[in-house]
Structure formats: C-alpha cells, structure tokens
Amino acid sequence: MSRTFSYQGSAAHIVFGEGRSQTAGEWIEKLGCSRALVLSTPHQKADAEGVAARLGPLSAGVFAGAVMHTPVEVTEAAMEVVRRSGADCVVSLGGGSTTGLGKAIAYRTDLPQVVIPTTYAGSEVTSILGQTEGGRKTTVKDARILPEVVIYDAALTTGLPVGLSVTSGLNAMAHAMEALYAQDRNPISSLMAVEGLRAFQSALPAIVATPGDLAVRADGLYGAWLCGTVLGTVGMALHHKICHTLGGTFDTPHAETHAIMLPHTASFNAVAVPELLAPVAEIFGGSVGGGLWDFAKSIGAPMALQHLGLTEADLDRASQIAVENPYWNPRPIDKRSIRELLQHAWEGNRPT
Ligand code: NAD
C-alpha cells in the first residue's frame, strides 16, 4: 500500500447532537454576526419560520424559495432579500437544494453560513456549488462556498419521508464508494468512507422500520457527515459523471438516480480495483455490485432507470455524453461499455 498522500482537514465546524439546532443563535454570534436570513424550500417553510422565531432578534427573516439545482434566478431573488433585510449571514435549513442556495449567496457575498441539514446528501460539508442558468448546469469550487458551521440535529430529520431517506442515503453512499478508489484518496478519507458505508448499512434498514426513532436518524446523519466529507475532499469518477449526465440532460431526480446507478457503477469499477472496493463487499456481503443491489432492494429503493421516465433511446445519448470530457476513472471506459452498463441499470438487473 502506497504511503504517499496529502491531507488537509476541513475548516468547517461540525456540531452534532439531538436538539443542537437550538444553539444556532450562539453560533451566529460566534461568527460575529447578528442578522441571519433563514433559507428553506417552500415545503419546509414552517420549520424555517420556527428556526427564525427561536433566533428572535438574530433573525433577519425567512426566504423559503429554494429549489433543486440552484437556478440563478432564485439566487438573484434571494440576494435581493439579503440586501433589503441587511442580513449578515444565512442559516440554511434543509437538504442539498437549500444548502445550494446558501452556498450560492456565500459565493457572491462571502456571508458566513450555518447549515442545519435535513437530508443525507452531504452538500453542507463541501466547497462545491452546482448552479443552473438557462437550463445549463455549471459547477464551481471555492473556499467561500464551504459552510462555516454545520449543525446535525436528528430531531429535524424524523419527518424526512422513508422513500427520500432511502434514496438520499444511497446518494451519500455513492460518495463513499467513489472515494475508496479516488486518485487523491488519503488514509483519513478512506477511513471515513468505510465508516460512512457501515453507518448507512445499519441505519437505513432501521430508518425504514422505525423512521421516528431519533437514535437511528442520528446514525443516518453520522453517515451523511462522513460521506459528504469525503465528497468534499477527494475527486469523484464514473458514477458521479453518469449521474450528472442523467440529471443534467434528462432531468432525472438527483437522489433516485444515484440510488439506481450505485450497484452498477460499483460493479463496473470493482473489476479494476477489487482490493480497494473489498470493504464494500465485506460490509454488504457477497460481490460489490450484487451486495449493494441486494441491500438497495431490501430497503425498498427504486431499482430501474426506466421508472424515472428515461427511454432506451435516451441511453444512447447518455452514454455518448458520459464519455465526452470523462472524469478520471479506475477502469477505462468507452461508449459501448457505458451503454451496456446503462442498459442493465435501465432494466434494473442485478449486477454480478
Ligand atoms: P432536496 O434538498 O431537494 O430535498 C428534497 C425535498 O425534501 C425538498 O422538498 C425538501 O424540502 C424536502 N425535505 C428535506 N428534508 C426534509 C425533512 N427532514 N422532512 C421533510 N421534508 C424534507 O434534496 P437533496 O437530495 O438533499 O439535494 C439535492 C440537491 O443537492 C441537488 O441539486 C444536488 O445537485 C445537490 N447536491 C450538491 C452537493 C454539493 O456538494 N454541491 C452534494 C450533494 C447534493
């Protein structure tokens, strides 16, 4: 095993524990701020208003207009509210969509961010921002984008529907799976990736069985933090390229796409790096792809791309786009092998 690596710990402050979202005000003051604009999606507006009410005089109001893929028009509308309200920081309450809006504001203003994540997507611990303008998605990486404080509070996640919990968890696991073979992996990222996979292997079936149980929800958030952190630390490969292609070009839903693709991309790459993916086989039992597929099926995940509205003809175009400007991948790719992989994912076949 090579002992050549570089490692940089994240500058973000991680706060973990049930009820800790109540301490958001203290963190706002520690950041030297006094007027927080609370962000959410329309769906989570009532929760955001609850956070704002608890902040009292530290609240500059609520902007509940966050939507998937961070459209620039929504960010501009939120920027107007930031200016009008005199906000000097943001509190993002929600999943990757709300966190994305907070990051987009921070990218433009360098305002500090406190994030209270309520899904397992992991965006809160990365300095990556994906935004869309005129239907085109672009990605930027910048130190201003990384949230300063992340408060993981399981009490705010018991309402995450079971189906979304499952797909969001598998989305997070895909970050960990690709981190295991990343070119720039380091001993810490690999430890975190394996621990993140273990956390979800035990948490997701328990969340399906008892979604209101705070202890298993905390295990899910623990996995989200670990898997999100490795996403923010090392480079992603084929799995993320395919999911970005499907989401960006065919508008397939983010977490579901990751959930369906994970066993297939893992199986494809396991051929090239079996030793690096051995922990996946060990945690999920059996083969890398087969073990992940059985696990996903057992927790009721969507299993086939055809159920996301993709046609077989779309797969031709998707495989063409996926091989253009490819990300580095441990196994060489070509259009034919990616087309075949997509066909299996479309049909929902169990990989070997
Ligand atoms: P999301 O944030 O869009 O949430 C999905 C829906 O679930 C929303 O309506 C939301 O309000 C609702 N919801 C969230 N938490 C809830 C809860 N606890 N209870 C009830 N409802 C709840 O979904 P997501 O999968 O978290 O995020 C997807 C987005 O995040 C995509 O745009 C993706 O590109 C982005 N993302 C970015 C990064 C990054 O590092 N930049 C990483 C992961 C995901």
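Please read these numbers as outputs of a predicted model, since none were measured by experiment. (Residues numbered from 1 in each chain as written. Predicted model: local features only at pLDDT ≥ 70, side-chain atom pairs only at ≥ 80, totals over all residues. Heavy atoms only, no water.)

1. Topic: the domain arrangement of the protein chain
Note the threshold: Where each domain starts and ends follows an automatic or database-derived domain assignment. Contact definition: two residues touch when any of their heavy atoms are within 4.5 Å. Throughout, the accessible surface (probe 1.4 Å) given up by two parts as they are put together, summed over both, is called the buried area. In the sections that follow, a salt bridge refers to a side-chain nitrogen of Lys or Arg positioned within 4 Å of a carboxyl oxygen of Asp or Glu. Definition of a polar contact: a pair of N or O atoms within 3.5 Å, with one able to donate and the other able to accept a hydrogen when the atoms are protein atoms, and with sequence-neighbouring residues admitted only if both atoms are side-chain atoms. Asp, Glu, Lys and Arg are counted as charged, while Ala, Val, Leu, Ile, Met, Phe, Trp, Tyr, Cys and Pro are counted as nonpolar; the rest, among them Gly, fall into the polar class.
Partitioning the protein chain into structural domains gives domain 1 (13-156) and domain 2 (162-347). With centres defined by C-alpha atoms, the gap from domain 1 to domain 2 works out at 26 Å. Residue-level contacts link 19 residues of domain 1 with 22 residues of domain 2. Counting the surface lost from both domain 1 and domain 2, the interface buries some 1,700 Å², and carbon and sulfur atoms represent 69% of this. Counting the surface domain 1 buries against domain 2, the share from its top three residues, Phe 16, Tyr 120 and Ala 154, is 41%. Counting every contact that joins domain 1 to domain 2 gives 0 salt bridges. Counting every contact that joins domain 1 to domain 2 gives 3 residue pairs in polar contact (both at pLDDT 80 or more). For the side of domain 1 that touches domain 2, a count of residues per class yields 11 nonpolar, 4 polar and 4 charged.

2. Quick notes on the site of the ligand
Formally: To be near a molecule or strand, a residue needs just one of its heavy atoms within 4 Å of it. Throughout, the Shrake-Rupley method with a 1.4 Å probe supplies accessible areas, and for residues the shown protein chains are the sole cover considered.
Taken together, 23 residues lie around the ligand, and Thr 41, Ser 97, Thr 118, Thr 119 and Thr 126 are the ones closest in. Measuring from an oxygen atom of the ligand, one finds a side-chain N or O atom of Thr 119 at 2.6 Å. The side chain of Thr 126 places a nitrogen or oxygen atom 2.7 Å from an oxygen atom of the ligand. Burial of the ligand by the protein amounts to 86% of the accessible area it has alone, namely 870 Å². Classifying every residue of the shell around the ligand by side-chain character gives 7 nonpolar, 14 polar and 2 charged. Among the domains, domain 1 (13-156) and domain 2 (162-347) are the pair contributing at least three residues each to the shell around the ligand.

3. Thoughts on the pattern of salt bridges
Basically, it comes down to this: Put simply, DSSP marks the helices as runs of H or I at least four residues long and the strands as runs of E at least two long, and each gets a number from the N terminus on. Burial classification: accessible surface area is computed with a 1.4 Å probe over protein chains only, and a residue below 20% of its type maximum counts as buried, one above 50% as exposed, and the rest as partly exposed.
For the coordinates displayed, the defined rule picks out 8 salt bridges. Between Glu 49 and Lys 45 there is a salt bridge, with its nearest N and O atoms 3.9 Å apart. Placement of the pair is Glu 49 and Lys 45 together in helix α2 (residues 45-55), with a separation of 4 residues, close to one helical turn. Given the relative accessible area of 39%, Glu 49 is considered partly exposed. Look at Lys 45 and you get partly exposed, because its relative accessible area is 40%. Here Glu 340 and Arg 336 are joined by a salt bridge, their closest N and O atoms 3.2 Å apart. Taken together, the residues span about one helical turn, with Glu 340 and Arg 336 both in helix α13 (residues 335-347) at a distance of 4 residues.

4. Comments concerning unusual backbone geometry
A positive phi angle, close to 70°, is found at His 69, a residue other than glycine. Here His 69 shows up in the loop between β3 (59-63) and α3 (72-85). Taking the relative accessible area as the measure of exposure, His 69 reaches 22% and is therefore partly exposed. A positive phi angle is found at Thr 70, which is not glycine, with a value near 45°.

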